[in-house]
Structures are given as C-alpha cells and as structure tokens.
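If you want the building blocks of each chain, they are given just below.
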Amino acid sequence: MTPPFAVLDRIALLAILTDPQGRVVYVNAAAKALGAVGEGDRFSPISQPEAMRIVKSIGTSTDRFTTAVEVETRPRLIEWTPSCLPDGTLLYTGQDVTQDRRAYAMMKELARLAADTSDAKMRFLATMSHEMRTPLNGILGMAGLLLDTHLDSPQRTYAEAVRESGMALLALINDILDYSKIEAGWLELEEQSFDPTALFQSVTELLSPRAANKGIEIASYIAPDVPRRLRGDEGRLRQVLLNLAGNGVKFTEKGGVSLELRLAPGGTPEKPHLHFEVRDTGVGISAADIDKIFKEFGQVDDSRLRNHEGTGLGLTIAQRIVSAMGSKIKVQSTPGAGSIFHFTTALPAAQPPSANIPLAAKVSLPVVVATDNDFLRRMLSLQLEAVGVETVLLAATAQEAHAHLKQMPTAALLCDLPIAADDGARLAKTSPLAIVLLSPLARGRLEAFKRAGFSGYLIKPIRQTSLLERLSGASLSDPGLPPPPRLDAREVSRLAPAVRKLRVLLAEDNQINSVLATAILKRAGHHVDVASNGKEAVEMFALAPYDIVLMDMRMPEMDGLEATRALRQGGHGEVPIIALTANAMSMDREACLQAGMNDFLSKPFDPGDLLAMLERWTASPSPQAQEVTSNR
Ligand code: ADP
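In short, a report on the structure. (Residues numbered from 1 in each chain as written. Predicted model: local features only at pLDDT ≥ 70, side-chain atom pairs only at ≥ 80, totals over all residues. Heavy atoms only, no water.)

**Some thoughts on empty space enclosed by the protein**
The criterion, for reference: Here a cavity denotes grid points, spaced 1 Å and computed from the protein atoms alone, that fit a 1.4 Å probe unable to get out, and a pocket denotes an open set having protein on both sides within 12 Å along at least 5 of 7 lines; residues with an atom within 4 Å of a point are the lining. Grid points are joined across faces, edges and corners, and a volume is the space filled by probe spheres set on the points. Secondary structure is summarised from DSSP: a helix means a run of H or I of at least four residues, a strand means a run of E of at least two, and numbering begins at the N terminus for each. Gly is put with the polar residues, along with every residue not named as nonpolar or charged; the nonpolar set is Ala, Val, Leu, Ile, Met, Phe, Trp, Tyr, Cys and Pro, and the charged set is Asp, Glu, Lys and Arg.
In this structure the tally under the stated criterion is two cavities of 30 Å³ or more. A volume near 50 Å³ is recorded for the largest cavity. Taken together, Thr197, Phe200, Gln201, Ser220, Tyr221, Ile222, Gln383, Ile462, Arg463 and Gln464 form the lining of the largest cavity. Mapped onto the lining of the largest cavity, the elements with two or more residues apiece are helix 6 (196-214) and strand 7 (217-222). Tallied by class, residues from the lining of the largest cavity come to four nonpolar, five polar and one charged. Computed from the structure, the second largest cavity encloses a volume of approximately 40 Å³. Together, Glu217, Ile218, Ala219, Leu376, Leu380, Gln383, Lys460, Pro461 and Ile462 line the second largest cavity. Elements with a minimum of two residues in the lining of the second largest cavity: strand 7 and helix 10 (374-386). By residue class, the composition of the lining of the second largest cavity is six nonpolar, one polar and two charged.

Right, dumping it as structure tokens:
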C-alpha cells in the first residue's frame, strides 16, 4: 500500500518515510519546510534493533522518541512516533515540541523556586520565632519571679503589666508561626477518634474563668442524636472553637456565649454532617465589617473595642482550618444583639448514634428553670431537652418561679444564684428537688444555700451529664459539699516543696535563661549545675551523674541533639533528658525524641510546667515507659 502522500503533504505534522535500513524515501511538506532531512538521506532517530522491534509490532507501537534538530542554527526538539507500514517501511510522524518542553522546564523551575522561597520563608520564621522566644522566656520568667517577691502595690501593677505584655507578644508569635505554617501548606489534618462532648466541655471550662470575670455565662449544648464519638482532628477543632468562643467572650458584656453541635441534613449514620455553632449576645458586627474580619489582621475599627487584646489573625487561621475540613465559617450578626459563627462539616462516626443513651431512660420530672439571664434560660432549656426532660417551665423572676411551682408542685427547680440569693429559701421549700446553680467563684456560698433548703448544686458551666445525674433518681441523695477545686499538676508543684531533691544538670548557653531556670529549680529545693554548651554537659555528666538533664537545643560548640546522642552512646540510657528550647515547631520535637530525649518543654515555659515535668520524669521507676507530653 502506498501512503496517501497528497494528504501527508497537507498536514501540520512532520512525516518521513524510510526503508527498514533507515534511508529516507519520502519527506512531507512540513518536514521539508523544517529542512531537517532530505530524500536519500539516512534517518534513524532510533537504533536499528528498536526499528526492527517496531517493524515487528506493525502499527501497534505507541513508542515516542525525541530528537534534537538544528534549524537555521536554532535547536528544535521533535517528538517522533514511528510506526510500521504493511510493506515494511517505517513512517515517522513528528511534532515540534520545543515550546512545550521549554514551557514545562520553565514551570518546573518556577515551582522549584516557589518551594525554595516558601521553605526559606519558613526557615526564616522558625529562626525569628526562636530568637524572639529566647528573650521572652527571660522577660516572662523574671517577671514571674519578681511577682513572687514582696512588692508594694504600684510595683506589683508594673510587674504584672510586664508579664501581660509578654504574654500578648507570645500569643502574637504563636499566631504568626501557625498562620505561616498554614500558608506554606503545612496544615495536615489528623484523624483520631474523639468525644465531642468532652471537647465542648474542655473549651467551655477553659474559657469559664474569663467569662466569670466579665459576669457573663458560657455554656455548651450537644444534640442527643450526635454520635458519642467522632473521627477527626480534635486538636484543630479545639483551636477553631477556642478562637470563636474566645472572641465571643471578648466581645460580650452581658448574656453569654454558647457552643452548640447538631446534626445537619444530608449526612449518613456512618458519616453525619455536623453543624458547629458559636453564639454570643455581644456587640455584634455590622454587615460591612463581616468581610473584613476574616482577612489577615482584620479588626473592626470601633472605638468601643479599641483596647481589646488580639492579633486579628485568629479568624483567618480558623477559616483556613475549617476550609481544610471542606467547609467555611459563616457569620450572622446583629450589631448590639450578638453574633453566630457557624460551619458544617462531615466527620465519620466512630460509634453509631444508636450507642447514645435512649431518651426514654432519662428524666421524667418536670423542671422549672429560674434565672434572670435570657441566655442561660435558652441554654438550660436546650440542655434539659437533650437529657429527655419533657416539661420545662421558664421563669425570669422569683414570682414567675413561684407561679410555676404552684401549678406543678412535683417539679424540680434549677435556680440561678441571683434569684436564689433573693428568694431562695421560700422557693426551695416548694420544690421536692431544689438545685442552686453556682459559678466556681461562688462555691463558698453552698453551705448557706443548703441551710436555706436547697438539696443540690450544679457548678457552671453546666455539663449535660451532671444535669442528667442531678435530675435522675441518683441525684436525690444529698450531694454534700462540692470537693475543693482540684489543683492541676502545675499548681501543686508551685505550692508544695519538691518531694525529692534532685541533682539537675542544666545545659543552657543564654545567661539570663540559665539564671531563670536555676532560680526556679533552686527555689523548689533542687541542686543545679549549669553547663554552657553541650560539650561541657557531656563532660560534667561523665564526672558525676545527675537525676535529670535539661537540655537547650541550640548551643555553641555542641548542640543539644548532639550532646544527647553522646550521652546516650556513652551508656547513660536511663537518665531522663528534657529539651528546654525556644524551637516551637513539631519537627523540632521529633528531632529531640529521635536524638534520644524523653520530653520537650518549649520556651517560654511556666515555672510550674518545668517543675511538673521534673516530677513526672523522676517520680516513676521507669520514666521511659511514660507517655510523652509537651506544653505545645
Ligand atoms: P482578634 O480577636 O485577635 O482581633 P480575630 O481574627 O479572631 O482576631 O477577629 C478579628 C476581628 O473580628 C476582631 O478584632 C473583632 O473586631 C471581630 N470579631 C470577631 N469575633 C467577634 C465577635 N464574636 N463579636 C464581635 N466582633 C468579633
């Protein structure tokens, strides 16, 4: 068969026909125009065995070969596709790919440059963050030590201002670092099983002292059909909720802030759609400002708010995280009345909703809720509904509560502090189960309320589970006095002298930070020796072993990682080594653990955290077996 030469002459592709030995028998018009080869020339962009292979594969080969051809001294890249015709001749069709290849190479180069720039930016930020944290550790730590001495009132005010400004600066550094990590595409969501109720409780409980200081409420509600356990990135969700609810507390002067979680339409039992909502009854945001607040450093320019602390990065970060979860934070707000920040995301259920407690098994009592706080009335009625209470009667005043109890004498009474303080004794007498609602600060008044006839108490923020316990049969017994507030490990170690005096080796090159850590450790009764770099630390350890080593990471001569490796290789496998470092990235933490350290405390650290860390790693007979934690 003769190739259709007339057609080949009209196409834009190059076409060359050779005999099996590679001698050109035909060149089409496009190939002639390029002037690459002429008839009678030898043309074999591929080796003879390759050509023979293609000859054998008659027409089925999809191989492509690229050759460089010089055209008017300009090199061109031609991509040839050989195929074998039935008479054994080879037809090469060719395409000029010079532009494509150049564009591709350029794109690759640009991508490499962008990645380099982004890496360089991150390295710069990590270094800057380290450089800023080191002096901040000194500022915060020394201010803390100063505040523990005898100061007169103005001196105390000044020292507190130093510490608070330092804390604000630290929050800013953390936000900028987190924001930059996210911008550089370092946001990777984890997936683990978590309990949404515990998450909501931890956020409300963390913010509750701030809310109590402002005289506002904070509460959470989880709809009864939300699965008990979900799968997702609990840490990042907490960050988003803390930011939204933290803003709520910041911008609310009366009423309160709520965190609410419900199922949204569209999901399946295995992968429900979850609607997260953070509401407040605060200043609100005008429609014009709503666009602004999700932008970097976007803050509403309002003279009423001028003095609030904050970086203007929180919402930007929260929005990025939620967008990585495939959703978007939306806002509804009425200036003067409050705001609702909400988003819906699909998270796999780690336990089906059928594992939830069936409503029928819950509470059968009617309940009267007495509080003058509109926000709290709404939240309590939601929470009561969630634990299965069918009849909820709301009262904004003592008179209304009396009227409800008269009408329904078997009803339990949930009475908020102001009404309880006003008319509690009379109200408590008319209900078989009178419960007073107290803020943590008002615990001390419980005895008086018990004498006035209240049979139980609930501490705010109220947990749905506690509500259920108090209102179900079990709660009818006297709950007695609430236990004293539990101190966390930090407070315990701050207050109590160290149980065991430890020999501590501190490797730290920064003099101020070394004075600070030494002062904290000595005050707790420990013995401290200081090495000013890793090499010295290794030498000192060889002379006299220590109970624990606190190791800075960046030090001259020998850094902390190398010193740790040297100690571990030198046969000191047992001694706990704790990194004490201003490097705040998770990869730094990984590097420390890999080098053989046991734990990580990032600077600036709280003195209590340092002492708790010491206790944690020296109390147990087998420190290595403990779970690793970090303060960041
Ligand atoms: P920051 O709170 O640190 O300033 P954010 O990014 O979290 O930064 O918030 C940006 C701005 O949005 C705030 O400064 C405030 O003007 C406004 N804003 C955020 N949340 C609320 C809220 N719940 N009520 C009123 N204004 C808010």
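**Points about the nonpolar core**
Heads up, the condition is: Among buried residues, those of type Ala, Val, Leu, Ile, Met, Phe, Trp, Tyr and Cys that are joined through side-chain atoms within 4.5 Å constitute a nonpolar core. Between buried and exposed lies partly exposed: a residue is buried under 20% and exposed over 50% of the maximum accessible area for its type, with that area taken using a 1.4 Å probe on protein chains only. Two residues qualify as a contact provided that any one of their heavy atoms is within 4.5 Å of a heavy atom in the partner residue.
By size, the foremost hydrophobic cluster in this structure holds 49 residues, and its most contacted members are Phe276, Ile329 and Phe341. The greatest single-element share of this core, amounting to six residues, is contributed by helix 7 (residues 234-250). In this view, phenylalanine 276 contacts Phe200, Leu237, Leu241, Glu260, Leu261, Phe341, His342, Phe343, Thr345 and Leu347; residues no more than four positions away in its chain are not counted. Counting 23 residues, the second-largest nonpolar core is a separate cluster that includes Leu393, Ala395, Leu427 and Leu446.

**A look at the packing of helix 11 (residues 398-407) against helix 12 (residues 417-429)**
What counts here: Fitted lines through C-alpha atoms give the axes, limited to the stretch in contact for helices. The angle between two N-to-C directions lies from 0 to 180 degrees. These descriptions rest on fixed angle ranges, namely under 35 degrees for roughly parallel, over 145 for roughly antiparallel, 65 to 115 for roughly perpendicular, and the rest for oblique. If you view the pair so one helix is near and one far, a crossing is left-handed when the near helix is turned anticlockwise from the far one by less than a right angle, and right-handed when it is turned clockwise.
Contact geometry of helix 11 with helix 12 gives a least axis separation of 10 Å together with a crossing angle of 30 degrees. By the angle between their directions, the pair helix 11 and helix 12 is classed as roughly parallel. As for the relative orientation of helix 11 and helix 12, their crossing is right-handed in sense. Contacts between helix 11 and helix 12 involve Ala398, Ala401, His402 and Leu405 from the former and Ile419, Asp423, Arg426 and Leu427 from the latter. Residues that form the contact of helix 11 with helix 12 fall into these classes: five nonpolar, one polar and two charged.

**Some thoughts on helix 9 (residues 314-324)**
Most of helix 9 sits out of view: eight of its 11 residues are buried. Within helix 9, the full set of buried residues consists of Gly314, Leu315, Thr316, Ile317, Ala318, Gln319, Ile321 and Val322. Buried residues in helix 9 make contact with helix 5 (153-183), helix 7, helix 8 (287-293) and strand 12 (338-346). Glycine 326 sits one or two positions beyond helix 9 and adopts a positive phi of about 80 degrees.

**A few points about the packing of aromatic side chains**
Worth spelling out the cut-off: Two rings belonging to Phe, Tyr or Trp (six-membered ring only in the last case) form a pair when the distance between their centres is within 6.5 Å. Interplanar angles under 30 degrees mark stacking, angles over 60 mark edge-to-face geometry, and anything in between is tilted. When the NZ atom of lysine or the CZ atom of arginine is within 6 Å of a ring's centre and also within 35 degrees of its normal, the charge is said to sit over that ring.
In the structure shown here, the tally under the stated rule is seven aromatic pairs. Among the aromatic residues, ring-to-ring pairing joins Phe43, Trp80 and Tyr92 into one connected group. For the cation-ring pair, arginine 470 lies above tyrosine 457, with the distance from its terminal atom to the ring centre recorded as 4.9 Å. Note that arginine 503 overlies the ring of tyrosine 546, its terminal NZ or CZ placed 4.7 Å from the centroid.

**Here's the deal with helix 5**
Heads up, the rule is: Helix span is expected to be 1.5 Å times the residue number reduced by one.
Taking 1.5 Å as the rise per residue, helix 5 with 31 residues should run 45 Å; its terminal C-alpha atoms sit 45 Å apart, in good agreement. Every buried residue of helix 5 is listed here: Ala159, Gly166, Leu170, Ile173, Asn174, Leu177, Asp178, Tyr179, Ser180, Lys181 and Ile182. Two residues or fewer after helix 5 comes glycine 185, characterised by a positive phi angle close to 80 degrees.

**A short note on the pattern of salt bridges**
Put simply, the rule reads: Take a side-chain nitrogen of Lys or Arg and a carboxyl oxygen of Asp or Glu: if they are within 4 Å of each other, that pair is a salt bridge.
Within the structure shown, the criterion is met by 23 salt bridges. Salt-bridge contacts for aspartate 148 lead to arginine 523; the nearest nitrogen and oxygen are separated by 3.2 Å. Pair noted here: aspartate 148 is in the loop between helix 4 (98-147) and helix 5 and arginine 523 is in helix 16 (residues 511-523), with a separation of 375 residues, a long-range link. Arginine 231 is paired through a salt bridge with glutamate 191; the nearest N and O atoms lie 3.0 Å apart. With arginine 231 in strand 8 (residues 230-232) and glutamate 191 in the loop between helix 5 and strand 6 (192-194), this residue pair connects regions lying 40 residues apart in the sequence. Arginine 231 gets classed as partly exposed once you look at its relative accessible area, which sits at 29%. A network of salt bridges, in which partner residues are shared, links Glu260, Arg262, Glu277, Arg279 and Arg378.

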